[in-house]
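If you want the building blocks of each chain, they are given just below.
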Amino acid sequence: MYGPRTIERTHNSKPPNGELVSADLSRAIHEHRLAPGTKLGEDELADIYGVSRTIIRTALQRLAHGQLVEIHRNRGAFVAKPTPKEALEIFEARELLEPRTAHSAALRATAEDITALNAHITKEHEAVASNDRGLALYLSGQLHVQIAKIAGQSTIADFVETLISRSSLIVALYWKRESALCESHAHHSLVSAIEANDATLAEELMVSHLVDLHSALDLRDVPEVATSLKDILG
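As the structure is a computational prediction, the values presented were derived from the model and not from experiment.

Turning to the overall build of the protein, a few remarks are in order. Helix and strand content of the protein: 10 helices and three strands. Helices and strands appear in the protein in the N-to-C order α-β-α-α-β-β-α-α-α-α-α-α-α. Here the protein holds 234 residues, and 47% of them are scored as buried. Relative to all contacts within the protein whose residues are 6 or more apart in sequence, the contacts with residues 24 or more apart total 76%. Of the roughly 11,800 Å² of accessible surface on the protein, a fraction of 51% belongs to carbon and sulfur atoms.

Structure below.
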């Protein structure tokens, strides 16, 4: 039995490798099916994915490298649980980097880039319409990653992608209002500015958007986690 989002296997195909398992777990974390603090037992995951503990260990190490998972000696692996201080630092880092990537993206975007961004927003709308909040959250973050990649600065884009991944954990822990999820009008306005090659406006809109997201953090209340991995991934 496999995670429902990214791993598809036919009767005659090979079992998933560490890369596929890590991608599936990453998607589950981004979509908030795996909450921060969830224990990721190697035996249980090996049973769920039908692979060896060695492959699971490789997958967890990949996720730990991307700071989505924390591995504690003698305790095992857990979905990372950023502290309030880390949450603030991550959003402050995004506020420093992403306005500049939006500025650069507006100067570099091709017609194909704009088509891809608009198609991405359409998928966001479909996820919201089908009440798939987890998928909508995942797609929302990935739009920011796409914009960073369009900017043509690979090192910064990689850093932004890591920050977006960490932001998914922060949203799960500290969000205080549903409306603070990347609203469709915010993304529409941003993509429209990029399409118009208006770098100054794109930068300003990204600043406003990120400030709004940052303001939605509530660092006081952290929900408890008590869910079976088989229920989540099976």
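What follows is about the side chain of histidine 187. Looking at where histidine 187 falls in the secondary structure, it is placed in helix 8 (residues 184-195). Since its relative accessible area comes to 0%, histidine 187 is described here as buried. Reaching out from histidine 187, the side chain makes a polar contact with the side chain of glutamate 124 at a distance of 3.0 Å. A distance of 3.3 Å separates a polar atom in the side chain of histidine 187 from a polar atom in the side chain of histidine 144.

Our next topic: the nonpolar core. Residues Leu117, Ile147, Ile170, Trp175, Leu190, Ile194 and Ala202 are the most contacted members of the largest nonpolar core, which totals 33 residues. Sorting the residues of this core by element identifies helix 4 (84-108), helix 5 (111-129), helix 6 (133-150), helix 7 (154-174), helix 8 and helix 9 (199-215) as the ones contributing at least two each. For this core, the leading source of residues is helix 4, giving seven residues. Formed by 23 residues, the second largest nonpolar core is a distinct cluster that contains Leu45, Ile48, Ala59 and Leu68.

Strand order in the open sheet formed by three strands is 1-3-2, and the pairing between neighbours is antiparallel. Each end of this open sheet is capped by a strand with a single partner; those strands are strand 1 (39-40) and strand 2 (69-72). The pairing of strand 2 with strand 3 (residues 76-79) spans four bridges and is antiparallel. Looking at strand 3, one finds that isoleucine 71 is bridged to alanine 77. Across the sheet, helix 3 (residues 53-65) is in contact with strand 1, strand 2 and strand 3; its angle to strand 2 comes to roughly 115 degrees.

What follows covers the packing of helix 1 (residues 18-30) against helix 3. Across the interface, helix 1 lies against helix 3 with an axial gap of 8 Å and an inter-helix angle of 55 degrees. Classed by the angle they form, the pair helix 1 and helix 3 counts as oblique. Seen from above, helix 1 lies across helix 3 with right-handed handedness. For the pair formed by helix 1 and helix 3, the contact residues are Gly18, Glu19, Val21, Ser22, Leu25 and Ser26 on the first element and Ile55, Ile56, Ala59, Leu60, Arg62 and Leu63 on the second. Split into classes, the residues belonging to the contact of helix 1 with helix 3 amount to seven nonpolar, three polar and two charged.

Conventions we followed
- Residues numbered from 1 in each chain as written.
- Predicted model: local features only at pLDDT ≥ 70, side-chain atom pairs only at ≥ 80, totals over all residues.
- Heavy atoms only, no water.
- Helix = DSSP H or I, 4+ residues; strand = E, 2+ residues; numbered from the N terminus.
- Buried < 20%, exposed > 50% of the residue type's maximum accessible area, 1.4 Å probe, protein only.
- Contact = heavy atoms within 4.5 Å.
- Areas by Shrake-Rupley, 256 points an atom, 1.4 Å probe, with all protein chains shown as cover.
- Polar contact = N/O pair within 3.5 Å; in protein donor to acceptor, adjacent residues only side chain to side chain.
- Core = buried A, V, L, I, M, F, W, Y, C linked by side-chain atoms within 4.5 Å.
- Pairing = 2+ DSSP bridges.
- Axes fitted to C-alpha atoms, helices over the stretch in contact; angles between N-to-C directions.
- Parallel < 35°, antiparallel > 145°, perpendicular 65-115°, else oblique.
- Left-handed = near helix turned anticlockwise from the far one by under 90°.
- Nonpolar A, V, L, I, M, F, W, Y, C, P; charged D, E, K, R; others polar.

So yeah, pure geometry; function would need other evidence.
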